[in-house]
Amino acid sequence: AQSVTQLDSHVSVSEGTPVLLRCNYSSSYSPSLFWYVQHPNKGLQLLLKYTSAATLVKGINGFEAEFKKSETSFHLTKPSAHMSDAAEYFCVVRRGSQGNLIFGKGTKLSVKP
Amino acid sequence: DGGITQSPKYLFRKEGQNVTLSCEQNLNHDAMYWYRQDPGQGLRLIYYSQIVNDFQKGDIAEGYSVSREKKESFPLTVTSAQKNPTAFYLCASSPTQGMGTEAFFGQGTRLTVV
């Protein structure tokens, strides 16, 4: 069975400092992994995705994530937080091209001025 | 512009009423999904459809129904059997071929029971 665990429900950083949002997954097959961002009362927007090519994936708005098979992790990072990054972030796993998406419970990112 | 349109944005339901949430996509995607979002619980799958005239129950299908008569449309009905329908509902679509195909989401409908 597949599952996704986001290790922090809430992360708070100061503007200009690095961001780290942690995600571990379990999957019996080679998974596809995604990070989505959701601003309040909005839909989800794709930040980046891993599809078994390069293990370091670059996304929009300066975010990137590294796929580490040995650690079954797919942590999201950004070198310098901006106030507009405050939102909820979801780590998602998908098995193959037709498997359903499995969502983590989300990490709420707060950015202090 | 291609995308997914959910309507209405806000919906109020009286006890015992059925309500239908609309979801339309013009991305030519085969698969469509309905999710329910509650605070702290992430997104939970209600129903999904991989092809027209076929759909499957997700993890929390009780009290909901769907139809898929057209590729572009996947309406969700919240029936009176759903005991706690107040939530944020998100519709998504995706292609069914190719590795790493992401889902595209609508802007959501917030349903409140009054």
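Everything discussed here concerns the structure shown above.
Residues numbered from 1 in each chain as written. Chains lettered and ligands numbered in written order. Predicted model: local features only at pLDDT ≥ 70, side-chain atom pairs only at ≥ 80, totals over all residues. Heavy atoms only, no water.

**What about the interface of chain B and chain A?**
Often, the extent of an interface is quoted as the loss of accessible area on bringing the components together. On the chain A side, the residues contacting the 27 residues of chain B number 23 residues. Here A:Lys49 makes a salt bridge to B:Glu102, at a shortest N to O gap of 2.7 Å. For the interface between chain B and chain A, the tally reads seven residue pairs in polar contact (both at pLDDT 80 or more). Elements that contribute at least two residues to the side of chain B that touches chain A include exactly β4 (31–37), β5 (43–51) and β9 (87–94) of chain B. Among the elements that line the side of chain B that touches chain A, the one with the most residues is β5(B), at four residues. Residue composition of the side of chain B that touches chain A, grouped by class: eleven nonpolar, 13 polar and three charged. (Contact = heavy atoms within 4.5 Å. Salt bridge = Lys/Arg side-chain N within 4 Å of Asp/Glu carboxyl O. Polar contact = N/O pair within 3.5 Å; in protein donor to acceptor, adjacent residues only side chain to side chain. Helix = DSSP H or I, 4+ residues; strand = E, 2+ residues; numbered from the N terminus. Nonpolar A, V, L, I, M, F, W, Y, C, P; charged D, E, K, R; others polar.)

**Examining the state of the cysteines**
Simply put, disulfide is the name for a covalent bond between the sulfur atoms of two cysteines. Considering all chains together, one arrives at two disulfides over all chains under this definition. Put simply, A:Cys23 and A:Cys91 are joined by a disulfide, and their sulfur atoms are 2.0 Å apart. Between A:Cys23 and A:Cys91, the S-S dihedral sits near -70°, and the bridge is therefore left-handed. On the criterion of sequence distance, the pair formed by A:Cys23 in strand β4 (residues 23–26) and A:Cys91 in strand β10 (residues 87–95) is long-range, its members being 68 residues apart. Residues A:Cys23 and A:Cys91 agree in their burial class; the two are buried. Across a sulfur-sulfur distance of 1.9 Å, B:Cys23 and B:Cys91 are joined as a disulfide pair. Across the S-S bond of B:Cys23 and B:Cys91 the torsion is about -75°, and the bridge reads as left-handed. Of the two residues, B:Cys23 sits in strand β3 (residues 19–25) while B:Cys91 sits in strand β9, which places them 68 residues apart along the sequence. Each member of the pair B:Cys23 and B:Cys91 is classed as buried. (Disulfide = S-S within 2.5 Å. Buried < 20%, exposed > 50% of the residue type's maximum accessible area, 1.4 Å probe, protein only.)

**Regarding the nonpolar core**
In globular proteins that are soluble, nonpolar side chains generally tend to be buried together. Counting residues in hydrophobic clusters, the biggest one holds 26 residues, and the most contacted among them are A:Trp35, A:Leu48, A:Leu76 and A:Tyr89. Looking at which element gives the most residues to this core, the answer is β10(A), with four residues. Ranked by size, the runner-up nonpolar core spans 19 residues in total, among them B:Ile4, B:Val19, B:Tyr89 and B:Cys91. (Core = buried A, V, L, I, M, F, W, Y, C linked by side-chain atoms within 4.5 Å.)

**Observations regarding the pattern of salt bridges**
All names here are of chain B. The final tally for this structure, using the stated rule, is seven salt bridges over all chains. For the salt bridge of arginine 44 with aspartate 38, the shortest nitrogen-to-oxygen distance reads 2.8 Å. Note on arginine 44: relative accessible area 26%, which makes it partly exposed. Each of Arg36, Asp38 and Arg44 takes part in one network of salt bridges that share partners.

**Examining the sheet that holds strand β1 (residues 4–7) of chain B**
Consider a sheet: its strands pair through backbone hydrogen bonds, and that pairing is either parallel or antiparallel. Residues and elements named next belong to chain B. As summarised here, the arrangement of the four strands in space is β1-β3-β8-β7, forming an open sheet in which the pairing is antiparallel. The open sheet is flanked by β1 and β7 (64–66), the only strands paired with a single partner. The mean inter-strand angle of the sheet, taken between neighbouring strand axes irrespective of direction, is 20°. Bridge count between β3 and strand β8 (residues 76–78): three bridges; the pairing is antiparallel. Bridge pairing links valine 19 to valine 78 in β8. (Pairing = 2+ DSSP bridges. Axes fitted to C-alpha atoms, helices over the stretch in contact; angles between N-to-C directions.)

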